[in-house]
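# Structural overview for review
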Amino acid sequence: MTHRRILLIIGGGIAAYKAIELVRLLRKAGHSVRCVLTRAGEQFVTPLTLAALSENKVYTYLFDLKDEVEMGHIQLSREADLVVVAPATADLLAKMAGGIADDLATTLLLATDKPVLAAPAMNVRMWLHPATQRNVATLRGDGVTVMTPDEGEMACGEYGPGRLPEPEAIKAAIETALAQGTVVQPLGGQPDFAPSRHRPLYGRRILVTAGPTHEPIDPVRYIANRSSGKQGFAIAAAAAEAGAEVLLVAGPVPLPTPPGVVRVDVETAREMAAEVEAGLPVDAAIMVAAVADWRAADTSAQKIKKDGSGEVPPLALAENPDILASVAKSAKRPPLLVGFAAETNDVIAHAQAKLARKGCDLIVANDVSADPMGGETNRVHIVSKAGVDSWDRLPKEAVARKLMEKIADELDTRVPLADD
Ligand code: C5P
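For every chain, the first residue of its written sequence is number 1, and the numbers climb from 1 along that sequence. Reporting in this predicted model follows two pLDDT cut-offs: at least 70 for local features of residues, and 80 or more for side-chain atom pairs to be given and counted; totals over whole chains, interfaces and linings ignore these cut-offs and use all residues. Calculation of side-chain values draws on the structure's entire complement of heavy atoms; hydrogens and water are dropped beforehand.

### So, the overall build of the protein
- When you go through the protein residue by residue, the secondary structure sums to 14 helices and 21 strands.
- Computation of the radius of gyration draws on C-alpha atoms alone. For the globule rule, the value is 2.2 Å times the number of residues to the power 0.38. A compact globule built from 420 residues would reach a C-alpha radius of gyration of about 22 Å, and the protein, at 24 Å, matches this within 12%.
- With a 1.4 Å probe rolled over the protein chains alone, any residue whose accessible area is under 20% of its type maximum counts as buried; one over 50% counts as exposed, and the rest are partly exposed. Per-residue burial over the protein gives 50% buried out of 420 residues.
- The contact criterion used is simple: two residues touch if any of their non-hydrogen atoms lie within 4.5 Å. In the protein, the proportion of contacts linking residues at least 24 apart, taken out of those at least 6 apart, comes to 67%.
- Counting only carbon and sulfur atoms, one obtains 53% of the accessible surface of the protein, whose full area is about 19800 Å².
- The protein carries 45 positive and 53 negative side-chain charges, and their two centres are separated by 2 Å. Segments assigned H or I by DSSP are reported as helices when at least four residues long, segments assigned E as strands when at least two residues long, and all are numbered from the N terminus. With residues, only the protein chains shown are counted as cover, and all accessible areas are computed by Shrake-Rupley using a 1.4 Å probe. When charges are tallied, Lys and Arg are placed among the positive residues and Asp and Glu among the negative ones, while His and the ends of the chain are skipped. Where a charge lies is defined by one atom per residue type: Lys uses NZ, Arg uses CZ, Asp uses CG and Glu uses CD.

### Some thoughts on the nonpolar core
- Buried Ala, Val, Leu, Ile, Met, Phe, Trp, Tyr and Cys residues that are joined via side-chain atoms within 4.5 Å together make up what is termed a nonpolar core. Judged by nonpolar contacts, the single largest core of 36 residues is most densely connected at L201, V208, I235, I286, L403, M404 and I407.
- Where this core is concerned, the elements lending two or more residues are β8 (205-210), α10 (230-241), β11 (245-250), β13 (284-287), β16 (336-343), β17 (362-367), β19 (380-384) and α14 (396-414).
- Setting aside residues up to four positions removed in sequence, I286 forms contacts with I206, L207, V208, T209, I235, V338, F340, M404 and I407.

### A few points about the environment of K358
- For K358, the position within the fold is in helix α13 (residues 347-358).
- Exposure remark for K358: the relative accessible area of 18% places this residue in the buried category.
- Spatially, the C-alpha atom of K358 lies 9.9 Å from that of L337, the residues being 21 residues apart in sequence.
- The residues contacting K358, other than those within four sequence positions of it, are D322, L324, A325 and A328.
- Side-chain polar atoms of K358 contact the side chain of D322, separated by 2.6 Å. Polar contact is defined as a pair of N or O atoms within 3.5 Å, subject to the rule that within protein one atom must be able to donate a hydrogen and the other to accept it, and that residues adjacent in sequence are counted only when both atoms are side-chain atoms.

### Points about the site of the ligand
- Neighbouring residues are identified by heavy atoms, a residue being near a molecule or strand if any of them is within 4 Å of it. As a matter of local geometry, the ligand sits amid M287, A289, V291, P321, D322, I323, L324, G339, F340, K354 and K358.
- Between P321 and the ligand, the recorded distance is 2.8 Å, taken from a backbone N or O atom to a nitrogen atom.
- When the ligand sits alone it has 440 Å² of accessible area, and the protein chains cover 85% of it.
- Of all the secondary-structure elements, those providing two or more residues to the shell around the ligand are α12 (323-329), β16 and α13.
- Split by residue class, the shell around the ligand holds 7 nonpolar, 1 polar and 3 charged. Ten residue types, Ala, Val, Leu, Ile, Met, Phe, Trp, Tyr, Cys and Pro, are classed as nonpolar, four, Asp, Glu, Lys and Arg, as charged, and the remainder, Gly among them, as polar.

### Here we look at the sheet that holds β13
- Following DSSP output, two strands are said to pair if at least two bridges run between them. Spatial ordering of the open sheet is given by β12-β11-β8-β13-β16-β17-β19-β20, a layout of 8 strands whose pairing is mixed. Strands with a single pairing partner mark the edges of an open sheet, and in this sheet they are β12 (261-265) and β20 (387-390). Adjacent strand axes in the sheet meet at a mean angle of 20°, parallel and antiparallel pairs treated alike.
- Bridging between β13 and β16 involves 4 bridges; their strand directions are parallel. In the strand pairing of β16, I286 is matched with V338.
- Working convention: axes come from line fits to C-alpha atoms, limited for helices to the stretch in contact. Angles between N-to-C directions cover 0 to 180 degrees. Sitting on the sheet, α10 is in contact with β8, β11, β12, β13 and β16, with an inclination near 165° to β11.
- Sitting on the sheet, helix α11 (residues 269-279) touches β8, β11, β12 and β13, and the angle it makes with β8 is about 175°.

### Some thoughts on the domain arrangement of the protein
- When its domains are assigned, the protein resolves into domain 1 (5-180) and domain 2 (205-414).
- Each of domain 1 and domain 2 was reduced to a C-alpha centroid, and the two centroids are 34 Å apart.
- Across the contact, 9 residues belong to domain 1 and 7 residues belong to domain 2.
- Buried area: the accessible area, evaluated with a 1.4 Å probe, that two parts lose upon being put together, summed over both parts. Interface of domain 1 and domain 2: buried area, both sides summed, is about 770 Å²; carbon and sulfur atoms make up 69% of it.
- Where domain 1 packs against domain 2, one counts 0 residue pairs in polar contact (both at pLDDT 80 or more). For the purposes of this description, domain bounds are those given by an automatic or database domain assignment.

### Overview of the packing of aromatic side chains
- Two aromatic rings, drawn from Phe, Tyr or Trp (for Trp, its six-membered ring), form a pair once their centres lie within 6.5 Å of each other, and the interplanar angle then sorts them: stacked below 30 degrees, edge-to-face above 60, tilted otherwise. As enumerated under the stated definition, the model contains 0 aromatic pairs in all.
- Its guanidinium or amino end placed over the ring of Y59, K57 lies 5.3 Å from that ring's centre, counting from NZ or CZ.
- Positioned over the ring face of W391 is K402, at 4.8 Å from the centre of the ring. Only lysine NZ and arginine CZ atoms are considered, and such an atom sits over a ring when it is within 6 Å of the ring centre and within 35 degrees of the ring normal.

### So, the sheet that holds strand β5 (residues 145-146)
- What the 5 strands build is an open sheet, ordered β2-β1-β3-β4-β5; its pairing is parallel. Each edge of the open sheet is held by one strand with a lone partner, namely β2 (32-37) and β5.
- Here 6 bridges tie strand β1 (residues 5-10) to β2, and the two strands are oriented parallel to one another. Of the residues in β2, the one forming a bridge with I6 is V33.

### Overview of a nonpolar patch on the surface
- Patch members must show over 30% relative accessible area and no salt bridge, and they are joined within 9 Å when carrying like charges or within 5 Å when they are nonpolar side chains of Val, Leu, Ile, Met, Phe, Trp or Tyr. Definition used for salt bridges: Asp or Glu carboxyl oxygen within 4 Å of a side-chain nitrogen of Lys or Arg. Residues I14, Y17 and F44 make up a contiguous nonpolar surface patch of roughly 340 Å² in combined accessible area.
- For F44, the position within the fold is in the loop between β2 and α2 (47-54).

### Section: the side chain of T89
- With respect to the element layout, T89 can be found in the loop between β3 (82-88) and α5 (90-98).
- Since its relative accessible area comes to 12%, T89 is described here as buried.
- Excluding residues within four positions of it along the chain, T89 makes contact with G11, G12, A121 and M122.

### Some details on the environment of T38
- With respect to the element layout, T38 can be found in the loop between β2 and α2.
- In this structure T38 comes out as buried when scored by relative accessible area, which is 6%.
- Between the C-alpha atom of T38 and that of D103, which follows or precedes it by 65 residues, the distance is 7.8 Å.

This is how it looks when you write it as structure tokens:
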């Protein structure tokens, strides 16, 4: 993995403790981290903890002359590949949106020429307040990636959106932002609530299936496959970050829900088929799930026991519905239908045959012979009637992001957004 430099600004709030875990995850992934603590942040975590974990000097609101000589604030804000604000408090978001630079953190944010990602955390009322929503819209329009906070019980006892996304989810968003690499904040800003270079899927509704399915044999046994769900979840995350409204129908996988994604968990192929049907119509459906082809024809209500005779119980199979093929034939067929094909040989030829057989518009074919399911990278070929586009081996997050660009382009030619 490429080693990247992250400047992490830690605002004040009870969620600041999660920044410690974030530093640990980023270091584990091989990135270097430099932390800046705001005055309020210092009330919740200590510079010593962060220095020990990041193995780097920690900068605080105390901006002394010595630091300015060693490393000026402009240099500090620009030597990073990405600036991350976590937790981003309502106050920090407001200052960022207003261009206020009255301490080290906000000065760095105003001076940087690097992409900025903010992970908000605050009380539910503060998050929902029109002022905060206005600030978030302004920041997104300026090209800042503002994650959607998690929903749940808050430290203050209230319930709703405002919780800091889990460190794993912030790390995933960081990897996505790093994979984008070239994105810098547009100088002129972008209008919000309109498709832009950063949110090309704004106004689109996208359905993603991901993970395996589990097909019960009896209450304790099931038929499954090795799908980890990572590629499908990365695609759902990238679609949400590109501005789409995303419905993720997920088989049983222990992955966190990507920020801004609506997730429905299912277990079997038939449950997945029903949820997909209920989720239509959409602008695009991306079927990444590795749906079990067969299920047990009969499931036993009790655990099947060995009877000592040495005879094995018969296991009759029944074919599962092909969700992709039935969506393709349905009256609610999305304008863009994307299938996946994991193959071990003749990858492109099999994908071309599958494109026709399943009736979809694109097949993302991946060669699983070298890197089996569950890995962190993917080498894919995008197969359509127009031809084959083969991409280099990339992290799954980067595949997802590149695929979103392709999908945004395809959708623009098929279903132009109404300009209202
Ligand atoms: O036929 P195969 O499983 O190789 O096709 C893979 C593609 O079809 C994937 O997009 C997968 O999500 C989809 N599929 C499906 N329902 C099935 C089997 C596969 O939607 N029962």
